[in-house]
2 protein chains.
Amino acid sequence: MSLLIKNAVLNDIKSDVLISKGFITNIEQNIDNSTDRTINAEGKIIIPSLKNGHSHSGMTILRGYADDMKLMPWLQEKIWPAEAKLTPEAIYWGTRLASLEMIKSGTTFCNDMYFNFEMSQKAYIDSGIKSASGPALFDFFDPIKAEEMKSNCNYAVENINVSQNNSLTLAAHSIYTLSKESLQWIAHLAKSKNIPVHIHLSETGNEVNECISKYGVRPVELLKKTGLLDTHLIAAHTIWLDDHEIDLLAEYNVTVVHNPVSNMKISTGGVFPYQKLKEKNIKMMLGTDSCASNNNLDMFEDMKIAALLHKFHNNDPEIMKAEEIFDIATGTEASIFPQLSSKIEVGAHADCILLDQNTPALVPSHNITSNLVYSANGSCVDTVICNGEVLMENRKIKDEEEILNQVRSISNKLF
Amino acid sequence: MSLLIKNAVLNDIKSDVLISKGFITNIEQNIDNSTDRTINAEGKIIIPSLKNGHSHSGMTILRGYADDMKLMPWLQEKIWPAEAKLTPEAIYWGTRLASLEMIKSGTTFCNDMYFNFEMSQKAYIDSGIKSASGPALFDFFDPIKAEEMKSNCNYAVENINVSQNNSLTLAAHSIYTLSKESLQWIAHLAKSKNIPVHIHLSETGNEVNECISKYGVRPVELLKKTGLLDTHLIAAHTIWLDDHEIDLLAEYNVTVVHNPVSNMKISTGGVFPYQKLKEKNIKMMLGTDSCASNNNLDMFEDMKIAALLHKFHNNDPEIMKAEEIFDIATGTEASIFPQLSSKIEVGAHADCILLDQNTPALVPSHNITSNLVYSANGSCVDTVICNGEVLMENRKIKDEEEILNQVRSISNKLF
C-alpha cells in the first residue's frame, strides 16, 4: 500500500510526503507518483503522532465508575470489585474504545498492561494502532499463584503471535504485588528471551516505605538486586526516587513514563522529578494511565497538564517548555520500541497525523508547537496514519458506532 | 423567538424543553407546541452552559505569541510591546475569535477586562453571547493619567449602550496599577451608579508584599479602606489571602474567580485557597484568563485542571469533587450577574448546551458529571443556546471562516 500526502505543512513549508509499506520514502515539494491513495492535505499541518507510554486500555469501560475517593477505598470498594466482573469481551471492547479514542486524538501507539492481554492485543490489531502488551504478572506473595503465573507466562511467551507492530512485553505489575523470587524469575526470562519488562515503580510514598521495611532497600535498588534493571525496563510513574536511584535508572538505561493526570487525580503525592531525570539524560515517555484515573486518553491534554504541573511545582514557567514535552509525547526518547518513529523524515515509520489549520485553537499561528501543547486538544486532529495505513480521515473511523454500542451494552450488562 | 428542544436527556430523563423570549418556559416529557424552531435532541444531553468568570478576550490574537518565560520578561519584553500594537480592529476580531472558541466549547458568558472595551462589547453582541465588560481603569500612579482615566470612564458610563445581556462593569485593573485616590474614585462611582467592579486581586506574592510596604496593610484591607469592598466586587485570582482577608471577602459578599490554568502556567506561586473560601460560603466562579496565559478558552479543560490542582496540592483526591467544580463553572454562585442561570428549569434564562452521547469520551455513562469534568472537552458540545438563540448546531457557527481569516490577516499585518 502506497500513500501520497499532498501539500501538507511540514515545519512551515508546504510539502508532499510519500509513504510506502509503512515507511516515509520521500519528502519533496512536488511529488508526482502513482500511488494507491492520495490525501489532499491542503491547509493541514503534518506532525508525528503521539505515543502513549503507559495505560490499561481495558479499563476504559470503567470510565467515571468511581472518582474523587482516597486511593485504598477507591481500589478496594470500587475498582477491584468492578475489575473482577470484567469478561474477556469487556476487555476487548474496552480496548477497542480506548483505541478509538486514541486514534481520534492522534495517538498511534499504546504500551499496555492488563489482564487477558490476548484480548487487548487483538483489539489493538483490529483497530490498526501499534501496541506493546504481554502477560500481566503478579502473585500477591502466594507461591501457588506464582507457579500459575509462571506457567501462564511461559505459555504466552511461546504461543502469542507477535509482530513488529504489536510487540510483547512482560507486564510485571509492581514490587508490592510480586515476590522477590517472582521478580527474579521475570528478570531471568526477560533476559533470556530479550523481552522488555513494563512495571509500575515508586508511584506512592507508601510503596517506598514498605519496600524499605521489607527488604532494607529502596525500590530501584530492589530491582537491581532482582536483576530487573538489567532488562529492557519501562518504569511507569517513578515519582518517589532519591538521587542514587536516579543514577541507577541512568546507568541501566531504563525508560521512565510520566503520568501527570493520573498522579494528580489519585493524589499520589510527590512529583515526577523531571529536571533531575532530564539532567541524567534518562529516556522519558508520556502516559495517560487508565480511564479509571484520568479519565480520557487524549495525550494533547496530558502534554499541557504535564507542562503546567512542573511549572507550578517548581514555581518556574521556564520548566518543561512546549518543545520538550512535545518531543517526549511524540516518542523522541522511546527507542525501546523500535516500531516507532518521532520524526517526519525519509526512512521513518509512517506514524503521523494531520491537523486542520482552520481550527480556532490553532489560530493565529505565532508558534505551532505552543498551539499544539497549550491550546489544542485531540479534536484538532483530522487524519491519522499508522504504519502507513489511514486509520482516520476527516475524523471518520470505521466501526465507531459499533464500538460505542458494544461498550454501552456490556457496561449495562455488567454494572 | 420560540424554540422547542425535543427528547433531550435532562438528569437521565428524556425531556422536551420549551424556550420563549430568552427563558425556559416549560419542561415536560411531551410538549406539542407550535414554535418558530424545533431542535431534535435525540441522543443528546442537555446541561446549563459554562460561564467564564475572567478573561481578556482581545488577547486571543496573542495566543502562543510568548510562553515558557518568567513573568516580568514575559510581560516587559513580549506581551506589553505586542499589546501596544493592537488596533481596535485587532481587539474586535480577537474577541470574535474568543467568542467563537467559547461557543464551540459550550461557554455563553464572559466577564471581560480589556482596553477599548467598546470593541469587545460589540464583538460579544455580534457573536450572540452574554458578557460583562467596561472601561479598563489604571493610572500607573500618574495624576495626569488618572484624570484622563476618570474622564474616559465618566464618558463611557454615560454613553455606552448596555443591555441586560451585555452589561457594564468598571474594570479596575489592580492595586498595583491604580493609585489609592483612583481606587477611591472608582469605589465612589461604582456605588453611586450601582455598577459592579472587576479587579485582579492578590495574584502574586509580590503584589501582597508591595502593598504591605507601601500602605502598611494587605490588599483586601486596602480595598476595604478605599471603599471597593463596599461595591459589587468581582475579584480574579485571589491566591495570596490570609484568614482575615478571607473573612472580609465573606463579610462583603465578594465574588472570587479561580483561574487555575493561567496561575499554573505563569507560575504565580501559591494556590487559590479553595477549601477556606468554600467554608466561608464565598461565591466562586471559574475563569480561563487570557489566551496569552492559558492558551485556550475551553472551560471543560479548566474544570478538570482545577480539580486536579486542588487534589494534588492538598494530597487528597476527595477535594473539589466533579459536582463541585461543575456547579462553579456553570455559574451556580454567579448571582452577581443577573443575566445568567445555572439550571435547566422553568423560569431560568435559556443558556444551555447539548452534548452528543455518541462521543467516545462520554461512553460508557456510569456518571455523567464525572464524564463532563474528567473526560469531556469542549469538542463534545454539539449545540449552544444563549438567551434562547441557537448560536451553534451540529458544531456549525456562522461567520467562523471570516473570523479565522480576519484574525490571521491582522496578526500577520501586526507581527
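Note that the structure is a prediction, hence the values are computed from the model and not measured.

A.B. asks: What should I look at first to understand the sheet that holds strand E15 (residues 283-286) of chain A in this one?
C.D. replies: Backbone-to-backbone hydrogen bonds pair the strands of a sheet. The strands run either parallel or antiparallel. Residues and elements named next belong to chain A. On the basis of which strands lie adjacent, the open sheet formed by 6 strands has the order E9-E11-E12-E13-E14-E15 and parallel pairing. If you trace the sheet from one side to the other, it starts and ends with strand E9 (136-137) and E15, each paired once. For strand E13 (residues 233-237) and strand E14 (residues 255-258), the ladder comprises 3 bridges, and the chain directions are parallel. By the bridge assignment for E14, Ile-234 is matched with Thr-255. Contacts from helix H5 (residues 180-193) reach E9, strand E11 (170-172) and strand E12 (197-201), with the element oriented near 160 degrees to E11.

A.B. asks: Could you clarify how one ought to interpret the pairing of strand E17 (residues 381-386) of chain A in this entry?
C.D. replies: Consecutive residues of a regular strand have side chains that alternate between opposite faces of the sheet. All names here are of chain A. The buried count for E17 comes to 6 of 6 residues, which makes it a mostly enclosed element. As judged from the 3 bridges shared by E17 and strand E18 (residues 389-392), these two strands associate in the antiparallel manner. Its bridge partner lying in E18, Val-384 is registered against Met-392. Once E17 ends, the chain turns through 2 residues before running back antiparallel as E18, passing Asn-387 with a positive phi of about 55 degrees.

A.B. asks: Would you take a moment to explain the pattern of salt bridges for this structure?
C.D. replies: If charged atoms from side chains of opposite charge come close, those side chains can pair. If you walk through the whole model with that rule in mind, you get 43 salt bridges over all chains. Close ionic contact of Lys-304 of chain B with Glu-301 of chain A constitutes a salt bridge, the shortest N to O distance being 2.4 Å. Of this pair, Lys-304 of chain B sits in helix H11 (residues 299-314) while Glu-301 of chain A sits in helix H11 (residues 299-314), on two different chains. Taken as a pair, Lys-304 of chain B and Glu-301 of chain A share a single burial class, namely buried.

A.B. asks: What should I look at first to understand the pairing of strand E7 (residues 107-112) of chain B in this one?
C.D. replies: Residues and elements named next belong to chain B. Across the 6 residues of E7, 6 count as buried, placing the element largely inside the fold. Bridge count for strand E6 (residues 50-55) against E7 is 4 bridges, and the pairing is parallel. Bridged to Asn-52 within E7 is Cys-110. Of the pairings in the sheet, the one linking E7 to strand E8 (residues 130-133) comprises 3 bridges and is parallel in character. Residue Asn-111 lies in a different strand from E8, and its bridge partner there is Ala-132.

A.B. asks: Please explain the domain arrangement of chain A as it appears in this structure.
C.D. replies: Quite often, the size of an interface is put as the accessible area lost when its parts meet. Residues and elements named next belong to chain A. According to the domain assignment, chain A contains domain 1 (2-48 + 344-400) and domain 2 (50-329). The C-alpha-based centres of domain 1 and domain 2 are spaced at 29 Å. Counting from both sides, the interface comprises 27 residues of domain 1 and, opposite them, 28 residues of domain 2. Counting each side, the surface lost to burial between domain 1 and domain 2 is near 2,300 Å², with a carbon and sulfur contribution of 63%. In terms of surface lost to domain 2, no three residues of domain 1 exceed Val-373, Tyr-374 and Leu-391, which account for 26% of the buried area on that side.

A.B. asks: Mind showing me how you'd approach the relation of the copies chain B and chain A here?
C.D. replies: The two chain copies are related to each other by a rotation about an axis together with a translation along it. Mapping chain B onto chain A calls for a rotation angle of 180 degrees and an axial translation of 0.0 Å; the resulting RMSD is 0.0 Å. Taken together, the rotation and translation relating the two chain copies correspond to the operation of a two-fold axis. If distances are taken from each C-alpha of chain B to the rotation axis, the shortest is found for Ser-379 of chain B, at 3.2 Å. A shared binding surface is used by both copies, with 100% of the interface residues of chain B retained as interface residues in chain A.

A.B. asks: What am I meant to see in the packing of aromatic side chains here?
C.D. replies: How two aromatic rings sit relative to each other is set out by the distance from centre to centre and by the angle between their planes. What the rule picks out here adds up to 13 aromatic pairs over all chains. Pairing Phe-109 of chain A with Phe-337 of chain A gives two aromatic rings, centres 4.8 Å apart and planes at 50 degrees, and the pair type is tilted. On the criterion of sequence distance, the pair formed by Phe-109 of chain A in strand E7 (residues 107-112) and Phe-337 of chain A in the loop between helix H12 (322-329) and strand E16 (352-356) is long-range, its members being 228 residues apart. The pair Phe-109 of chain A / Phe-337 of chain A is uniform in exposure class, with both members buried. Seen from their ring centres, Tyr-92 of chain B and Trp-93 of chain B are 5.0 Å apart, and the 85 degrees between their planes marks the pair as edge-to-face. Taking relative accessible area as the criterion, Tyr-92 of chain B reaches 9% and is therefore assigned buried. In this structure Trp-93 of chain B comes out as buried when scored by relative accessible area, which is 10%. Members of the aromatic cluster, joined through ring pairs, are Tyr-114, Phe-115, Phe-138 and Phe-140 of chain A. Over the face of the ring belonging to Tyr-374 of chain B we find Lys-265 of chain A, whose NZ or CZ atom lies 4.6 Å from the ring centre.

A.B. asks: Please explain empty space enclosed by the protein as it appears in this structure.
C.D. replies: Think of a ball as big as a water molecule: rolled over the atoms, this probe shows where empty space is left. According to the stated counting rule, one finds 5 cavities of 30 Å³ or more in the structure shown. Here the largest cavity is characterised by a volume of approximately 80 Å³. Lining the largest cavity, in full, are Asp-67, Asp-68, Met-69, Lys-70, Leu-71, Trp-74, Lys-265, Ile-266, Ala-292 and Ser-293 of chain A together with Lys-311 and Pro-317 of chain B. Of all the secondary structure elements, the ones that give two or more residues to the lining of the largest cavity are helix H1 (71-84) and helix H9 (260-266) of chain A. Of the residues contributing to the lining of the largest cavity, the split by class is 6 nonpolar, 1 polar and 5 charged. Taken as a whole, the second largest cavity encloses approximately 70 Å³ of empty space. Its residues assigned to classes, the lining of the second largest cavity shows 4 nonpolar, 1 polar and 4 charged.

A.B. asks: Looking at this structure, how should I read the interface of chain B and chain A?
C.D. replies: Between chain B and chain A, the residue contacts involve 64 residues of the former and 64 residues of the latter. When chain B packs against chain A, the two sides together hide about 5,000 Å² of surface, and 59% of this comes from carbon and sulfur. Ranking the residues of chain B by area buried against chain A places Asp-68, Phe-312 and His-366 of chain B at the top, with a combined share of 15%. The interface formed by chain B and chain A includes 6 salt bridges. Applying the counting criterion to the chain B and chain A interface returns 41 residue pairs in polar contact (both at pLDDT 80 or more). Only helix H2 (88-104), helix H9 (260-266), H11, helix H12 (322-329), helix H13 (368-375) and helix H14 (400-414) of chain B provide two or more residues apiece to the side of chain B that touches chain A. Ranked by residues supplied to the side of chain B that touches chain A, first place goes to H11 of chain B with 8 residues. When its residues are assigned to classes, the side of chain B that touches chain A shows 26 nonpolar, 21 polar and 17 charged.

A.B. asks: How should I be thinking about the sheet that holds strand E8 (residues 130-133) of chain A in this particular structure?
C.D. replies: All names here are of chain A. Taking strand neighbours across the sheet as the criterion, the 4 strands line up as E6-E7-E8-E10 in an open arrangement whose pairing is parallel. Looking at the sheet topology across the chains shown, the edges are occupied by strand E6 (50-55) and strand E10 (166-168). Sheet twist, expressed as the mean angle between neighbouring strand axes with direction ignored, is 15 degrees. Against the sheet, helix H3 (residues 117-127) engages E7, E8 and E10, with an angle of about 155 degrees to E10.

A.B. asks: Honestly, a nonpolar patch on the surface in this entry has me stumped. Any pointers?
C.D. replies: Residue and element names in this part refer to chain B. A cluster of nonpolar residues, Leu-71, Met-72 and Trp-80, forms a patch on the protein surface that exposes about 270 Å² of accessible area. Inspection of the secondary structure puts Leu-71 in helix H1 (residues 71-84). The class for Leu-71 is partly exposed, based on a relative accessible area of 30%.

A.B. asks: Explanation requested: the confidence of the model for chain A in the structure shown.
C.D. replies: Caution is warranted with low-pLDDT regions, since their predicted coordinates should not be read in detail. Predicted confidence across chain A gives a mean pLDDT of 97, with 100% of residues reaching 70 or more. In the predicted complex, the global pTM is 0.98; the interface-specific ipTM is 0.97.

A.B. asks: Would you take a moment to explain helix H8 (residues 243-251) of chain B for this structure?
C.D. replies: Side chains three or four residues apart in an α-helix point the same way, a direct result of the helix having 3.6 residues per turn. All names here are of chain B. Residues of H8 that are buried: Glu-245, Ile-246, Leu-248 and Leu-249. Projected onto a plane normal to the axis of H8, the buried residues spread over an arc of 160 degrees and lie on a single side. Its buried side turned inward, H8 meets strand E12 (197-201), helix H7 (219-225), strand E14 (255-258) and helix H10 (274-279). A side-chain oxygen of the first residue of H8 lies 3.1 Å from the backbone nitrogen of His-244; this N-cap is Asp-242.

A.B. asks: Just checking my understanding: could you explain the environment of Ile-129 of chain A for this structure?
C.D. replies: Residues and elements named next belong to chain A. Relative to the assigned elements, Ile-129 resides in the loop between H3 and E8. Judged by its relative accessible area of 1%, Ile-129 is buried. Taking the C-alpha atoms as reference points, Ile-129 and Ser-213, 84 residues apart in sequence, are found 42 Å from one another. If we ignore the near neighbours within four places in the chain, the residues touching Ile-129 are Ser-99, Met-102, Ile-103, Thr-107, Thr-108, Tyr-124, Asn-166, Cys-386 and Leu-391.

Thresholds, definitions, all that
- Residues numbered from 1 in each chain as written.
- Chains lettered and ligands numbered in written order.
- Predicted model: local features only at pLDDT ≥ 70, side-chain atom pairs only at ≥ 80, totals over all residues.
- Heavy atoms only, no water.
- Pairing = 2+ DSSP bridges.
- Helix = DSSP H or I, 4+ residues; strand = E, 2+ residues; numbered from the N terminus.
- Contact = heavy atoms within 4.5 Å.
- Axes fitted to C-alpha atoms, helices over the stretch in contact; angles between N-to-C directions.
- Buried < 20%, exposed > 50% of the residue type's maximum accessible area, 1.4 Å probe, protein only.
- Salt bridge = Lys/Arg side-chain N within 4 Å of Asp/Glu carboxyl O.
- Domains from an automatic or database assignment.
- Buried area = accessible area lost by both parts, 1.4 Å probe.
- Least-squares fit on C-alpha atoms with pLDDT ≥ 70 in both.
- Phe/Tyr/Trp six-rings, centres within 6.5 Å; stacked < 30°, edge-to-face > 60°.
- Lys NZ or Arg CZ within 6 Å of the ring centre and 35° of its normal.
- 1 Å grid on protein atoms, 1.4 Å probe; cavity = no way out; pocket = protein on both sides within 12 Å on 5 of 7 lines; lining within 4 Å.
- Points joined across faces, edges and corners; volume = space filled by probe spheres on them.
- Nonpolar A, V, L, I, M, F, W, Y, C, P; charged D, E, K, R; others polar.
- Polar contact = N/O pair within 3.5 Å; in protein donor to acceptor, adjacent residues only side chain to side chain.
- Patch = residues over 30% accessible without salt bridge, like charges linked within 9 Å, V, L, I, M, F, W, Y side chains within 5 Å.
- Areas by Shrake-Rupley, 256 points an atom, 1.4 Å probe, with all protein chains shown as cover.
- pLDDT = per-residue confidence, 0-100.
- Arc of directions from axis to C-beta.

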